[in-house]
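Coordinates in review
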Amino acid sequence: MEKTLVLIKPDGVRRKLVGEIIGRLEKKGLDLEKARMLVLSRAKAEEHYRDHRGKDFYEELIQYITSGPVLAMVWSGRNAIALTRRLVGDTNPHEALPGTIRGDFALTTTENLVHASDSPQAAQREIALFFSGEEDDRF
Ligand code: CMP
């Protein structure tokens, strides 16, 4: 049994795709364990995306992820990390296959609706980052 962190990013919330995205993960058989709606501070966004620091899209990514509320969730299930990545689809929406979340709904690489942990190490780090016991809605 694995746990993974999924974020519905600001464009997903703005476009009212929260129910659609949760529905896809639920119908596949994954279990929703935790959920939290919050607006990321710049500091938390930089921590979350620390591996992308220095890349040419980094500033755009930080601006976007802090631009509105995100829904942070922990999902669990067998092979949940790889499985969720497959349901989400390729990072580049032009490569993401129809039937995946990005393949069906995303048009740009930055505004790609969803983040899902890419390894057990990332999942552990990201779950701790978003669910560390703080109940404040801004962090
Ligand atoms: P995510 O899965 O959250 O992980 C890193 C994010 O960086 C990715 O989704 C995209 O939103 C963004 N990203 C990755 N590669 C690029 C790129 N080449 N150009 C713009 N944004 C990117």
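Residues numbered from 1 in each chain as written. Predicted model: local features only at pLDDT ≥ 70, side-chain atom pairs only at ≥ 80, totals over all residues. Heavy atoms only, no water.

**Some remarks on the overall build of the chain**
Basically, it comes down to this: Under the DSSP-based scheme used, a helix requires at least four consecutive residues in state H or I and a strand at least two consecutive residues in state E, with every element numbered from the N terminus. For the radius of gyration, the atoms used are the C-alpha atoms, and the globule rule reads 2.2 Å times the number of residues raised to 0.38. Accessibility here uses a 1.4 Å probe with only protein chains present; expressed as a share of the type maximum, an area under 20% marks a residue as buried, one over 50% as exposed, and anything in between as partly exposed.
If you tally the helices and strands in the chain, you get seven helices and four strands. For the chain, the sequential pattern of α-helices and β-strands runs β-α-α-β-α-α-β-α-α-β-α. In terms of overall size, the chain behaves like a compact globule, its C-alpha atoms giving a radius of gyration of 14 Å where 139 residues would be expected to give roughly 14 Å. By principal-axis analysis of the C-alpha atoms, the chain measures approximately 35 × 35 × 25 Å. For the chain, the proportion of its 139 residues judged to be buried stands at 47%.

**Remarks on helix α5 (residues 80-88)**
Here is the rule: Picture the helix axis, draw a direction to every C-beta atom, and the arc is the one those directions span. The criterion used for residue contact is that any of the two residues' heavy atoms lie within 4.5 Å.
Along α5, the residues that are buried comprise A80, I81, T84 and V88. The arc enclosing the buried residues of α5, seen along the axis, measures out at 100°, which places them on a common side. As for α5, its buried residues are in contact with β1 (2-8), α2 (18-28), β3 (70-77), α6 (101-105), β4 (114-116) and α7 (120-130). With its phi angle positive at about 95°, G89 sits one or two positions after the end of α5.

**Notes on the site of the ligand**
Rules: Residues are counted as near a molecule or strand when any one of their heavy atoms sits within 4 Å of it. Polar contact is the term for a pair of N or O atoms within 3.5 Å; when the atoms are in protein, one must be able to donate a hydrogen and the other to accept it, and sequence-neighboring residues count only if both atoms are side-chain atoms. All accessibility values rest on the Shrake-Rupley procedure with a 1.4 Å probe; residue burial counts only the protein chains present in the view. A pocket, in this scheme, is an open set of points on a 1 Å grid over the protein atoms alone with protein on both sides within 12 Å along at least 5 of 7 lines, while a cavity is a set where a 1.4 Å probe fits but cannot get out; residues line either one if an atom lies within 4 Å of a point. Pocket occupancy is defined atom-wise: a molecule lies in a cavity or pocket when more than half of its atoms are within 2 Å of its grid points. Only Asp, Glu, Lys and Arg are considered charged in this grouping, and only Ala, Val, Leu, Ile, Met, Phe, Trp, Tyr, Cys and Pro are considered nonpolar; every other residue, Gly among them, is considered polar.
For the ligand, the full set of nearby residues is K9, Y49, H52, F57, L61, T91, R102, T109, T110, N112 and H115. Between the ligand and K9 there is a distance of 2.7 Å, counted from an oxygen atom to a side-chain nitrogen or oxygen. In this structure, T109 approaches the ligand through a main-chain N or O atom, which is 3.2 Å from an oxygen atom. Expressed as a share of its isolated accessible area of 450 Å², the protein-covered part of the ligand is 79%. Because more than half of its atoms lie within 2 Å of the grid, the ligand is assigned to the largest pocket. When the residues that make up the shell around the ligand are grouped by side-chain class, the tally is three nonpolar, six polar and two charged.

**Topic: the pairing of β3**
The line we're drawing: Any two strands with at least two DSSP-identified bridges between them are counted as paired.
With eight of its eight residues buried, β3 lies for the most part within the structure. Across the two faces of β3 the burial is the same, with V70, A72, V74 and S76 and L71, M73, W75 and G77 all buried. Bridge count for β1 against β3 is seven bridges, and the pairing is antiparallel. Along β3, the bridge assignment pairs T4 with W75. Relative to β3, strand β2 (residues 31-38) is paired through seven bridges, and the arrangement is antiparallel.

**A look at helix α4 (residues 58-65)**
If you check which residues of α4 are buried, you get Y58, L61, I62, Y64 and I65. Along the long axis of α4, the arc covered by the buried residues comes to 165°, so they all point the same way. In this fold, the buried residues of α4 make contact with α1 (10-14), α3 (42-48) and β3.

**Observations regarding the side chain of S117**
With respect to the helices and strands, the residue S117 is situated in the loop between β4 and α7. In terms of polar contacts, S117 uses its side chain to reach the side chain of E126, at 2.7 Å.

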